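Structure at a glance
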Amino acid sequence: MVEVTVTPRSSLADRPVRVHVRGLAPSELITLRAWLRDEQGERFQARAFFRADAMGEVDPGYHPALGGSYSGLYPMGLLWFLQPDTPFRRLLKRDVTGSPFRIHVEVFHGVLLVDGPQDRPLASCEAERWFVGAGVQRVPIREGRVRGALFLPPGPGPFPGVVDLFGGAGGLIEFRAGLLASRGFAVLALAFFAYEDLPRTMAQLDLEYFEEATAVLLQHPKVRGPGLGVIGVSKGAEVALAMASFLPLVVATVWINGTAFLHGNPLVYRDLCIPAIPYGVERLLITEMGALDNSAVFNDPRHPMSRSSAIPVERIKGKVLFVVGEADRSLNSKLFARLAMARMPPEQGRILSYPGAGHLIEPPCSPLCSISCIRGSPRPLLWGGEAKAHARAQEHSWKEIIRFLERELGCVSGKL
């Protein structure tokens, strides 16, 4: 009898699993398919074709895929290469504590290019992928102006604190905070517009709001000070770099595919105002897929007129880890990282640069999202990236991010 298993059956979403098929005929050709539905009911799936070994077994960790959604030896390929049935959807977990993603893994005889109701699997199983570990607590934050969610590891603490920021779509995104909390960090997933009673759009980058958020985090009895970390992607990386420049309590900053200048929104902090470089929207390109390519929208930061919009990274007292996707089609993140490093003491920053990786570099086992719709955009946005290179970049960068935060913020307890 054919059997397929996923081990462990329940795991954190950034951890590897093993898929194993037994009971096949030697050299039997099969299709392995993985699929899940997100919280809106959208299906994401990947399939790969394999030939069983002499023992009638298939293990994607040892047997290369012959074709399908990918080819070659990729133990996590069935998760790395998940794609939506409806174009331009991003796989994004919203309710991180209430439920996991449920992955269905099925085995079919032969090469199954498309599936219909008449196609019955030889075997199937289900696995759970969680974004918080056992005992991680989510605490809604509504203190003063600050809105977000605090994720606390199990145990008495105190734990090193991290502020987690996402980009220009706004709202509150929590999946990375849940995974970091499962690694022993107290993480504030911070919204800064388009959430609850916050402004619907971001007219300016009010740094005092983020300063207030750091105070809320550090005042929690389970959070260890005096310093904290910040991690941000896209617009959130721009904010993170500004926080590191002006807020001395920020001692560790993870910058993922952002800028080193103010773009679109000026920065205000007490009596200071840093003007923004306007977007060159006339340089937007519409791709053959109908998506917007933003890569030329950002004016050249090396132009003398852009100097007044530079984030003053020379003020940074802590350390910065720059994570760059060289195939980023949202902006030239490699250029911005290099320009920031040129104005910092070399020992304070490090660049991790990944050929083939796109804009949305996320924790490992997250599939590449190269194009997606976001709030406020009339068309889908092109993020870029090549699936295999992007997957390897996510796997490597996540390990480096964890090591960096542990080193700069101190050893953590409560790892799961």
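Computed from a predicted structure; not experimentally measured.

**Re the environment of Glu-208**
By the secondary structure assignment, Glu-208 is in helix α3 (residues 207-218). The class of Glu-208 is partly exposed, set by a relative accessible area of 34%. When the C-alpha positions of Glu-208 and Ala-389 are compared, they lie 38 Å apart, and in sequence the two are 181 residues distant. Excluding residues that lie within four positions of it along the chain, Glu-208 makes contacts with Arg-145, Val-268, Tyr-269 and Arg-270. Within polar-contact distance, the side chain of Glu-208 engages the backbone nitrogen of Arg-270 at 3.0 Å.

**A word on unusual backbone geometry**
Backbone torsion omega between Gly-157 and Pro-158 reads 0 degrees, so that peptide bond is classified as cis. Looking at the element boundaries, Pro-158 is found in the loop between β11 (146-152) and β12 (159-165). Looking along the chain, the bond that leaves Gly-225 and enters Pro-226 is cis, with omega of 0 degrees. Looking at where Pro-226 falls in the secondary structure, it is placed in strand β15 (residues 223-233). Of note, Glu-196 is a non-glycine position whose phi angle comes to about 50 degrees, a positive value.

**Comments concerning the environment of Arg-147**
Tracing the chain through its elements places Arg-147 in strand β11. Sequence separation between Arg-147 and Ala-240 is 93 residues, and the spatial gap between their C-alpha atoms is 17 Å. In terms of polar contacts, Arg-147 uses its side chain to reach the backbone carbonyl oxygen of Gly-144, at 3.0 Å. Only 2.9 Å separates the side chain of Arg-147 from the side chain of Asp-197, close enough to count as a polar contact.

**Let's talk about the sheet that holds strand β10 (residues 137-143)**
If you walk across this open sheet you meet the eight strands as β10-β11-β13-β12-β15-β16-β21-β22, and the pairing is mixed. In this open sheet, the two edge strands, each paired with only one partner strand, are β10 and β22 (349-354). Strand-to-strand twist of the sheet, defined as the mean angle between neighbouring strand axes without regard to direction, takes the value 20 degrees. Set on the sheet, helix α5 (residues 333-342) makes contact with β16 (250-256), β21 (319-325) and β22; between it and β21 the angle comes to about 160 degrees. The strands touched by helix α6 (residues 387-409) are β12, β15, β16, β21 and β22; relative to β16, the strand with the most contacts, the crossing angle is about 170 degrees.

**Comments concerning the nonpolar core**
Counting 134 residues, the largest nonpolar core has Leu-32, Leu-165, Phe-210, Leu-241 and Leu-405 as its most contacted members. Residues contacting Leu-165, with those up to four places away along its chain left out, are Arg-176, Leu-190, Phe-192, Phe-210, Val-230, Ile-231, Gly-232, Val-233, Gly-236, Val-239, Ala-240 and Met-243. Membership of the second largest hydrophobic core comes to five residues, among which are Leu-292, Leu-360, Leu-381 and Trp-383.

**What about the pattern of salt bridges?**
The tally for this structure, following the rule as stated, stands at 31 salt bridges. As a salt-bridge pair, Asp-14 and Arg-183 come within 3.1 Å of each other at their nearest N and O atoms. Linking Asp-14 in the loop between β2 (10-12) and β3 (18-22) with Arg-183 in the loop between α2 (175-181) and β13 (186-191), this pair joins segments that are 169 residues apart in sequence. You'll find Asp-14 and Arg-183 in the same group, each marked buried.

**Quick notes on the packing of aromatic side chains**
Counting across every chain of the model gives 16 aromatic pairs. For the ring pair Tyr-70 and Tyr-74, a centre distance of 6.0 Å and an interplane angle of 85 degrees mean the geometry is edge-to-face. Taking the relative accessible area as the measure of exposure, Tyr-70 reaches 5% and is therefore buried. Overall, Tyr-74 belongs to the buried group, its relative accessible area being 14%. Seen from their ring centres, Phe-101 and Phe-131 are 5.8 Å apart, and the 85 degrees between their planes marks the pair as edge-to-face. Here Phe-101, found in strand β8 (residues 101-109), pairs with Phe-131, found in the loop between β9 (123-130) and β10; they are 30 residues apart in sequence, far enough to count as distant.

**Brief notes about the side chain of Ser-333**
One can find Ser-333 in helix α5. Relative accessible area serves as the criterion here: at 1%, Ser-333 is assigned to the buried category.

**Focus on α3**
When the terminal C-alpha atoms of α3 are compared, their 17 Å separation across twelve residues agrees well with the 16 Å that a helix rising 1.5 Å per residue should span. For α3, the set of buried residues is Leu-207, Tyr-209, Phe-210, Ala-213, Thr-214, Val-216 and Leu-217. Two to three positions downstream of the cap, the backbone nitrogen of Glu-208 sits 3.2 Å from a side-chain oxygen, assigning the N-cap of α3 to Asp-206.

Reading the values: rules and limits
Residues numbered from 1 in each chain as written. Predicted model: local features only at pLDDT ≥ 70, side-chain atom pairs only at ≥ 80, totals over all residues. Heavy atoms only, no water. Helix = DSSP H or I, 4+ residues; strand = E, 2+ residues; numbered from the N terminus. Buried < 20%, exposed > 50% of the residue type's maximum accessible area, 1.4 Å probe, protein only. Contact = heavy atoms within 4.5 Å. Polar contact = N/O pair within 3.5 Å; in protein donor to acceptor, adjacent residues only side chain to side chain. Pairing = 2+ DSSP bridges. Axes fitted to C-alpha atoms, helices over the stretch in contact; angles between N-to-C directions. Core = buried A, V, L, I, M, F, W, Y, C linked by side-chain atoms within 4.5 Å. Salt bridge = Lys/Arg side-chain N within 4 Å of Asp/Glu carboxyl O. Phe/Tyr/Trp six-rings, centres within 6.5 Å; stacked < 30°, edge-to-face > 60°. Expected span 1.5 Å × (residues − 1).

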